[in-house]
Amino acid sequence: MKSNYNSVFAALFLTCITFISCSSDDDNKTTEGIIDEPVETVDELTVANVRSYMVDANATDETVALFYNLYHLSKTQFLVGQQDAFNGFYNNDVGDSDMKKATGNDPALLGSDFMFITDDQNNEQPDNWFYQQEILITDDVKEAYSKGMVNIFSWHFREPFEGESFYTSDMTDYQKYNAFPSLLPGGLNHDYYKAKLDKVASVLSNLKDNNDKLIPVIFRPFHEFDGNWFWWGSAYCTPAQYQQVWQFTVEYLRDTKHVHNVIYAFSPDNSYTTESQYLNRYPGDTYVDILGMDNYGDFNNQGTAGAVTANAKLKMISDLAKEKVKIAAMTETGFQINSSNSPIDHFFSDYIYSAMTSNDVELAFVMFWANSQDGYYVPPAGQTDTQDFVTFANKAGSVLQNDIPDMYTLP
């Protein structure tokens, strides 16, 4: 969970400020923790059978290639990403991404959000602030794709009664316990939800490159559902209701709106310690492409013990992904450095990297949360922990934009 989100978005709405929300270099990289030999499986993913393992068998060729290449990349390496990398800057130091300021290279994965895009106040007029954010976000996606990067969308979806917040702390008890079930077919807000999905579908169907080809994206709706800070949390809906809304979402986008450039990611928070717990709200293999986990808590000044704990959870997900022929990933993580939090020694080069690579874990990517004017998750140049991040980025398992292979072509 992002501790600074309430204050950031409160500030945004009160002030209406702009949303901030293998190469030759490999010779210089270290090699600890890298898996050299792929694990043999009965149903190893191939070019011939890849579509049969995807949520959308009719996905565009580029989307199929992205699934295939993420799966195989995870055998030896992982993409390093950041939320809002092109617009979230520490100390409001605009220009290159903060990751590029530190390392000389952009992230390999760009995180974006449908939140402002689907806001009730987005009237799609040029002078509308929310529509301006939509254009900014979609332009960023296109820029990232032109650089060979991978795009991933979360959705901090505002509750359907007032449309003002996604945090339960801002909601009445009635709203908390009725918001998510009301999205189901026949529910009070089902048509409202379909209208929001119509907007999502419209955006996805218009994300095109200069050759008029659709840009593939990873979509991870209703994330961190095992906590109760969001209105889709486990206290406010049953496992069956969560699964039904997820399944409806996929079927509506894929089958009704004919959106075929999406890879779907399942991303709870870090509360899980067993497979049965992790799969308690899992909507099924035919509705999920990526098995993910958000994890801030195990890296919050927990040292080596926290990294070991995180690695065990990632190992569980990685093994599940191998069994199911899916992709595994750490879908959000980080530790915000601000006026209250000092950098943690060896945070990136030791704790994050060991959690990502020890014990034959195979993960396709890691995404750090967004930098802002008042704090950072990825240090830009000139910080006391910048070199630690550079060391992490230079390890053999880490892939930034300069090292990313062609993710959109099947071999």
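This is a predicted model, so every value here is computed, not measured. (Residues numbered from 1 in each chain as written. Predicted model: local features only at pLDDT ≥ 70, side-chain atom pairs only at ≥ 80, totals over all residues. Heavy atoms only, no water.)

Draft legend 1. The arrangement of the pairing of strand E3 (residues 150-154) in detail. When you tally the buried positions in E3, you get 5 out of 5 residues, the bulk of the element. Of the two faces of E3, the one carrying Val150, Ile152 and Ser154 and the one carrying Asn151 and Phe153 are both buried. Where strand E2 (residues 109-113) meets E3, 5 bridges bridge the pair, whose relative direction is parallel. In the sheet register, Leu110 faces E3, and the bridge partner there is Asn151. For the segment spanning E2, helix H4 (residues 129-146) and E3, crossover handedness is right-handed. Relative to strand E4 (residues 217-220), E3 runs parallel, the two being bridged by 3 bridges. Paired with Ser154 across the strands is Arg220, a residue of E4. (Buried < 20%, exposed > 50% of the residue type's maximum accessible area, 1.4 Å probe, protein only. Helix = DSSP H or I, 4+ residues; strand = E, 2+ residues; numbered from the N terminus. Pairing = 2+ DSSP bridges. Right-handed = clockwise from strand over helix to strand, strands pointing away.)

Draft legend 2. Main features of the environment of Asp388. Position of Asp388 relative to the elements: it lies in helix H11 (residues 386-394). Through-space distance from the C-alpha of Asp388 to that of Phe348 is 6.1 Å; in sequence the pair is 40 residues apart. Once residues lying within four places of it in the same chain are set aside, the contact partners of Asp388 are Ile344, His346, Phe347, Phe348 and Ser349. Within the structure, Asp388 has its side chain in polar contact with the backbone nitrogen of Phe347 (distance 3.1 Å). Of note is the side chain of Asp388, whose polar atom sits 2.9 Å from the backbone nitrogen of Phe348. (Contact = heavy atoms within 4.5 Å. Polar contact = N/O pair within 3.5 Å; in protein donor to acceptor, adjacent residues only side chain to side chain.)

Draft legend 3. Region of the structure containing the UniProt feature "active site" (unreviewed entry) in the protein. Within this numbering scheme, the UniProt entry marks Glu224 and Glu332 as carrying the feature "active site" (unreviewed entry). A maximum C-alpha distance of 9.8 Å places the annotated residues, which cover 109 residues in sequence, within one compact spot. Within the fold, Glu224 resides in the loop between E4 and helix H7 (239-256). Given the relative accessible area of 0%, Glu224 is considered buried. Mapping Glu332 onto the fold places it in strand E7 (residues 327-333). The exposure class assigned to Glu332 is buried, which follows from its relative accessible area of 0%. (UniProt positions renumbered as here; feature names shortened; annotations may be inferred.)

Draft legend 4. Fine view of the packing of aromatic side chains. Tallied over the entire structure, the rule returns 51 aromatic pairs. When the centroid spacing of 6.2 Å and the interplanar angle of 50° are considered together, the rings of Phe348 and Phe392 count as tilted. Of this pair, Phe348 sits in helix H10 (residues 347-357) while Phe392 is found in helix H11, placing the two residues 44 residues apart along the sequence. Judged by its relative accessible area of 2%, Phe348 falls in the buried class. A residue is classified by how much of its surface remains accessible, and Phe392, at 0% relative accessible area, is buried. A centroid spacing of 6.1 Å and a plane angle of 85° characterise the contact between Tyr353 and Phe392, whose relative ring orientation is edge-to-face. One end of the pair, Tyr353, is in helix H10; the other, Phe392, is in helix H11, and 39 residues separate them in sequence. Comparing Tyr353 with Phe392 shows no difference in burial state: the two are buried. Between the NZ or CZ atom of Lys395 and the centre of the ring of Tyr353, over which it lies, the distance is 5.0 Å. (Phe/Tyr/Trp six-rings, centres within 6.5 Å; stacked < 30°, edge-to-face > 60°. Lys NZ or Arg CZ within 6 Å of the ring centre and 35° of its normal.)

Draft legend 5. Seen up close, the pattern of salt bridges. With the rule as written, the count across this model stands at 22 salt bridges. For the salt bridge of Lys213 with Glu62, the shortest nitrogen-to-oxygen distance reads 3.2 Å. Taken together, the positions of Lys213 in the loop between helix H6 (190-205) and E4 and Glu62 in helix H2 (residues 61-73) put the pair 151 residues apart, joining distant regions of the chain. Given a relative accessible area of 43%, Lys213 falls into the partly exposed group. Judged by its relative accessible area of 13%, Glu62 falls in the buried class. The salt bridge partner of Lys322 is Glu362, with a shortest N-O separation of 3.7 Å. Of this pair, Lys322 sits in helix H9 (residues 303-324) while Glu362 sits in the loop between H10 and strand E8 (365-368), and the two are 40 residues apart along the sequence. A single burial state applies to Lys322 and to Glu362, both of which are buried. Within the structure, one salt-bridge network assembled from shared partners comprises Lys75, Lys315, Asp319, Lys322 and Glu362. (Salt bridge = Lys/Arg side-chain N within 4 Å of Asp/Glu carboxyl O.)

Draft legend 6. Focus on H2. If you check H2, its first and last C-alpha atoms are 18 Å apart, about what 13 residues at 1.5 Å a residue would give, namely 18 Å. Along H2, 11 of the 13 residues are buried, which leaves the element largely enclosed by surrounding structure. Inspection of H2 places Glu62, Thr63, Val64, Ala65, Leu66, Phe67, Tyr68, Asn69, Leu70, Tyr71 and Leu73 among the buried residues, and these make up the whole buried set. Turning to H2, the residues buried within the fold contact strand E1 (78-83), H4, E3, E4, strand E5 (262-266) and E7. (Expected span 1.5 Å × (residues − 1).)

Draft legend 7. Highlighting H7. Spanning 18 residues, H7 covers 24 Å between terminal C-alpha atoms, matching the ideal 26 Å at 1.5 Å per step. Among all positions of H7, only Tyr242, Val245, Trp246, Phe248, Thr249, Val250, Tyr252, Leu253 and Arg254 are buried. Buried positions along H7 lie against H6, E4 and E5. Note on H7: the residue one or two positions beyond its end, His258, has a positive phi of about 55°.

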